[in-house]
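Residues per chain, in single letters:
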Amino acid sequence: NRGPYERIYGAGPFSAMHHYCRGLRAMIDLAEAEQAVIVRGKYRQAISDFDYLLDRVPRNYFLRPEILVTKASALLGLKEDFAAVECFQEAIQIQPDYVPAYIGLANYFESVDDPESVRYVIEMGLRYAPDHPALLGRLDALTPDG
């Protein structure tokens, strides 16, 4: 009985939701992958599945920011930084208070040793989620006496 799930996820998106699950499974399988070619393949599979769903849901679909952030993680695994940053930014544009997008973007800037951008992203996130403990904690960690 798909009725309740179609009401929650929408009939169109629900019929494609298995691609999100399959993409998540590929990301989980990365932990067991040992050969670089298998890792790249799992990332590519995940991105393909996330794109399948993203192509079929409206821009304002309530799970779109989550899917974009998960896709960004896979893109970073393939060192496709520019595309990953675009995914984080799109998630933020769609849902400005979606904290995982700010955290993911800040983590990326931290990984490329860009502390100014880390601070900017965290402060931007705090404008929309001023009391969020993860953002406050990250800001605290950036403060020399924090």
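Our subject in this report is the structure included herewith. (Residues numbered from 1 in each chain as written. Predicted model: local features only at pLDDT ≥ 70, side-chain atom pairs only at ≥ 80, totals over all residues. Heavy atoms only, no water.)

### As for the overall build of the protein chain
Part 1 of the reasoning: Helix and strand counts for the protein chain stand at 8 helices and 0 strands.
Part 2 of the reasoning: What you see in the protein chain, going N to C, is helices and strands ordered as α-α-α-α-α-α-α-α.
Part 3 of the reasoning: Every one of the 146 residues in the protein chain was classed for burial, and the buried ones make up 40%.
Part 4 of the reasoning: Counted over contacts in the protein chain with a minimum sequence separation of 6, partners at least 24 positions apart contribute 48%.
Part 5 of the reasoning: Surface accessibility of the protein chain: about 8400 Å² in total, with carbon and sulfur atoms responsible for 52%. (Helix = DSSP H or I, 4+ residues; strand = E, 2+ residues; numbered from the N terminus. Buried < 20%, exposed > 50% of the residue type's maximum accessible area, 1.4 Å probe, protein only. Contact = heavy atoms within 4.5 Å. Areas by Shrake-Rupley, 256 points an atom, 1.4 Å probe, with all protein chains shown as cover.)

### Brief notes about unusual backbone geometry
Part 1 of the reasoning: Located in the positive-phi region is Lys79, a residue other than glycine, with phi close to 65 degrees.
Part 2 of the reasoning: One can find Lys79 in the loop between helix 4 (64-77) and helix 5 (81-94).
Part 3 of the reasoning: With a phi close to 55 degrees, Asp113 is a non-glycine residue in the positive phi region.
Part 4 of the reasoning: Note on placement: Asp113 falls in the loop between helix 6 (99-111) and helix 7 (115-128).
Part 5 of the reasoning: The exposure class of Asp113 is exposed, given its relative accessible area of 65%.

### What about the nonpolar core?
Part 1 of the reasoning: Residues Met27, Ile67, Leu105, Ile122 and Leu135 are the most contacted members of the largest nonpolar core, which totals 42 residues.
Part 2 of the reasoning: Setting aside its immediate chain neighbours within four residues, Ile122 contacts Ile103, Ala106, Leu135, Arg138, Leu139 and Leu142. (Core = buried A, V, L, I, M, F, W, Y, C linked by side-chain atoms within 4.5 Å.)

### Side note on helix 4
Given 3.6 residues per turn, any residue in an α-helix points the same way as the ones three and four places further on.
Part 1 of the reasoning: Taking 1.5 Å of rise per residue, 14 residues should cover 20 Å, and helix 4 covers 20 Å from first to last C-alpha, within 8% of that figure.
Part 2 of the reasoning: Burial of helix 4 is extensive: 10 of the 14 residues sit out of reach of the surface.
Part 3 of the reasoning: For helix 4, the set of buried residues is Arg64, Pro65, Ile67, Leu68, Val69, Thr70, Lys71, Ala72, Ala74 and Leu75.
Part 4 of the reasoning: Lys79 occupies a position one or two residues after helix 4 and carries a positive phi of about 65 degrees. (Expected span 1.5 Å × (residues − 1).)

### Considerations on the pattern of salt bridges
Part 1 of the reasoning: If you walk through the whole model with that rule in mind, you get 6 salt bridges.
Part 2 of the reasoning: For Arg59, the salt bridge is made with Glu90, and the minimal N-O distance between the two is 3.3 Å. Taken together, the residues span a long stretch of sequence, with Arg59 in the loop between helix 3 (36-54) and helix 4 and Glu90 in helix 5 at a distance of 31 residues.
Part 3 of the reasoning: Of the residues examined, Arg59 reaches a relative accessible area of 45% and is grouped as partly exposed.
Part 4 of the reasoning: Salt-bridge contacts for Arg64 lead to Glu90; the nearest nitrogen and oxygen are separated by 3.2 Å. Highlighted residues: Arg64 in helix 4 and Glu90 in helix 5, separated in sequence by 26 residues.
Part 5 of the reasoning: Owing to a relative accessible area of 10%, Arg64 belongs among the buried residues under this scheme.
Part 6 of the reasoning: Put simply, Arg59, Arg64 and Glu90 are held in one network by salt bridges that share partners. (Salt bridge = Lys/Arg side-chain N within 4 Å of Asp/Glu carboxyl O.)

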